[in-house]
Amino acid sequence: MSSETTLHGADVHAAHDAHDEHHHHETFITKYVFSQDHKMISKQFLITGIIWAIIGGLFSVLFRLQLGYPDSHFQILEDLLGHWAKGGKIQPEFYYALVTMHGTILVFFVLTAGLSGTFANFLIPLQIGARDMASPMLNMMSYWFFFLASVIMFSSLFVQTGPAAGGWTIYPPLSALGDASQGSKIGMDLWLVSMAMFIVSSLLGGLNYISTILNLRTKGMSMTRMPLTMWAIFFTAVLGVLSFPVLLSGAILLLFDRNLGTSFFLSDIVINGKILPNEGGSPILFQHLFWFLGHPEVYIILLPAMGMASEILSVNSRKPIFGYMAMVGSLFAIAILAFLVWAHHMFVTGLNPFLGAFFVLLTLLIAVPSAIKVFNWLTTLWRANIRFTPAMLFSIGFVSLFISGGLTGIFLGNSALDIHLHDTYFVVAHFHIVMGVASFFGMFAGIYHWYPKMYGRYLNNTLAYIHFWVTIVGAYLIFWPMHYEGLAGMPRRYYDYTGWESFKMFAGLNQFISFVAMVVFVTQLLFVFNFFYSIFKGRKVKDTNPWGANTLEWTTPINPGHGNWPGEIPEVFRGAYDYAKDGREFIPQTEPIGANESHH
């Protein structure tokens, strides 16, 4: 580290120390609402994300009810949804809105903001040895832009014409024409404005994460001594900063098409027998803009989960992570390739087959760094002294889901096969397992592992084990059978399959999937209860390092104040994974390297 950076770090730390002297003047508002402490902001992201996850999960239960029992009427639905469920049956136009909002909420508001916002904020200063983020003010604004986006998106659920209904990808012309459907009216404008606010939040956060990791590492914390969680979050932030502005441009241009009479995505449209004046635009352009973010978005969600799983697997295997530099290199390769594969979502849009061949090659190529990670996780577990904590179980579950979900991606990456499988339940099964459920498992692993550091208490282990086993068995029972429906050609996003002889045979299977989905949803409520109950009533943490981990966050007090370390920030002398070395179970990063110490 240069002397200039060290001086800068010293200035920041001195400023924070001065700030800490006046800490007792904090009010409820400055501590819990407009907080600039990264730990409090991470909890705000997490709790907002949990609320969104309950809403998004409930929407999936509602539309699974329709898919599993298409001829049934449930009075409770009319009581809950009013005219959207006349006679106790969800209306077709509202069904599409439910699917749209479910995807939007879980992809962006839970797995992007909830996962990155929580763990990037919480762990970066603690694991690299910093008092706080590079800009606590921007950090606070990042959360409040997310909160504003959440309020706008939530309000769209209550407008008379209903929320946006164009699929979570919001393809024009359906999303560009207010007259196209009920879900294309004011709800769509609110969706686009909310997403613009959300992207501002992500950019503010991402820039902060990058500058903090690059500039505020403590003495001795070289990049190659950082935990893999930090590398994963760093690459995630870079992906977000480079790709989110592209979706922002798409959302703004779509707002122009909707409200200012432009034709970026519209051309030669006839609606209700009337020829519209729009010409020259292309809806395919929007798909390029959307997926240029949409594919990196998969890794914006997955990479933090990968980093946390790597950390938790190593800590609870009592072994060094296998192939640290290979893990960093594969994260880097995934980050690069994530930008070069977006058009594999567009094989059936009339894409030139010659161009398609390049995207097939690049898509299959991304399997290489992913496989490196998988082999390294499995080799870390091989012959290890494993402690099956709830966090460890969820990390192993993450690896299992990533493997089984990733393998089906090889099918979809092939442009010839994709023509048959595109927009079927095979796609639903693939991306829910590899991206949705796997990332949730990474998130749960992180919460169970760092909860003692967040709140100074433990979660209830019995409830945690029930949560894990029901969720992993349920996830496979819900999404594995969908592969077979997809291979049979069953299309996604359809409201009722009973009109097709070829799909009637799946009626029993759809009922089974819907039943399991409801059981899994109720189990998540058990986790939510455990989370909030344990904040106040959980068993108190007595040991500053309950898991016997090497990283810096476990050198802070059990309940660290704003500034993290009461005195000097500790210096780092070694990497984060010195486990089972020289007859010792673990050696913290803060311990100097001994003269007779062996090298791994």
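Read on for an overview of the structure. This is a predicted model, so every value here is computed, not measured. (Residues numbered from 1 in each chain as written. Predicted model: local features only at pLDDT ≥ 70, side-chain atom pairs only at ≥ 80, totals over all residues. Heavy atoms only, no water.)

## Overview of the packing of aromatic side chains
A ring pair, where both rings are aromatic, is described by two values, the distance of the centres and the angle of the planes.
Phase 1: Taken as a whole and assessed by the stated rule, the structure comprises 61 aromatic pairs.
Phase 2: When the centroid spacing of 6.2 Å and the interplanar angle of 70° are considered together, the rings of Tyr425 and Tyr497 count as edge-to-face. With a gap of 72 residues between them, Tyr425 in helix H16 (residues 425–455) and Tyr497 in the loop between helix H17 (461–487) and helix H18 (501–504) connect regions that are remote in the sequence.
Phase 3: Residue classification places Tyr425 among the buried positions, given a relative accessible area of 4%.
Phase 4: You can call Tyr497 buried: its relative accessible area is 6%.
Phase 5: A cation sits over an aromatic face here: Lys43 above Tyr455, 4.7 Å from the ring centre. (Phe/Tyr/Trp six-rings, centres within 6.5 Å; stacked < 30°, edge-to-face > 60°. Helix = DSSP H or I, 4+ residues; strand = E, 2+ residues; numbered from the N terminus. Buried < 20%, exposed > 50% of the residue type's maximum accessible area, 1.4 Å probe, protein only. Lys NZ or Arg CZ within 6 Å of the ring centre and 35° of its normal.)

## Re unusual backbone geometry
Phase 1: Following Pro172, the chain continues to Pro173 via a peptide bond in cis, the omega torsion being 10°.
Phase 2: Locating Pro173 in the fold gives a position in the loop between helix H7 (136–155) and helix H8 (186–215).
Phase 3: At Ile170, a position not held by glycine, the phi torsion is positive, near 50°.
Phase 4: Topologically, Ile170 is positioned in the loop between H7 and H8.
Phase 5: Here Ile170 falls in the buried class, since its relative accessible area comes to 0%.
Phase 6: Positive phi values are uncommon outside glycine, yet Arg383 reaches one of about 55°.
Phase 7: Locating Arg383 in the fold gives a position in the loop between helix H13 (367–381) and helix H14 (390–413).
Phase 8: By relative accessible area, Arg383 is classed as exposed at 75%.

## Describing the side chain of Asn545
Phase 1: Structurally, Asn545 can be placed in the loop between helix H19 (507–537) and strand S3 (579–581).
Phase 2: Beyond its immediate sequence surroundings of up to four residues, Asn545 is in contact with Trp554 and Phe586. (Contact = heavy atoms within 4.5 Å.)

## Considerations on the nonpolar core
Phase 1: Of all hydrophobic cores here, the largest spans 187 residues; its most connected members are Phe108, Phe198 and Phe398.
Phase 2: Sorting elements by how many residues they give to this core places H16 first, with 19 residues.
Phase 3: Setting aside its immediate chain neighbours within four residues, Phe398 contacts Leu302, Ala305, Met306, Ala309, Trp377, Ala438, Phe441 and Gly442. (Core = buried A, V, L, I, M, F, W, Y, C linked by side-chain atoms within 4.5 Å.)

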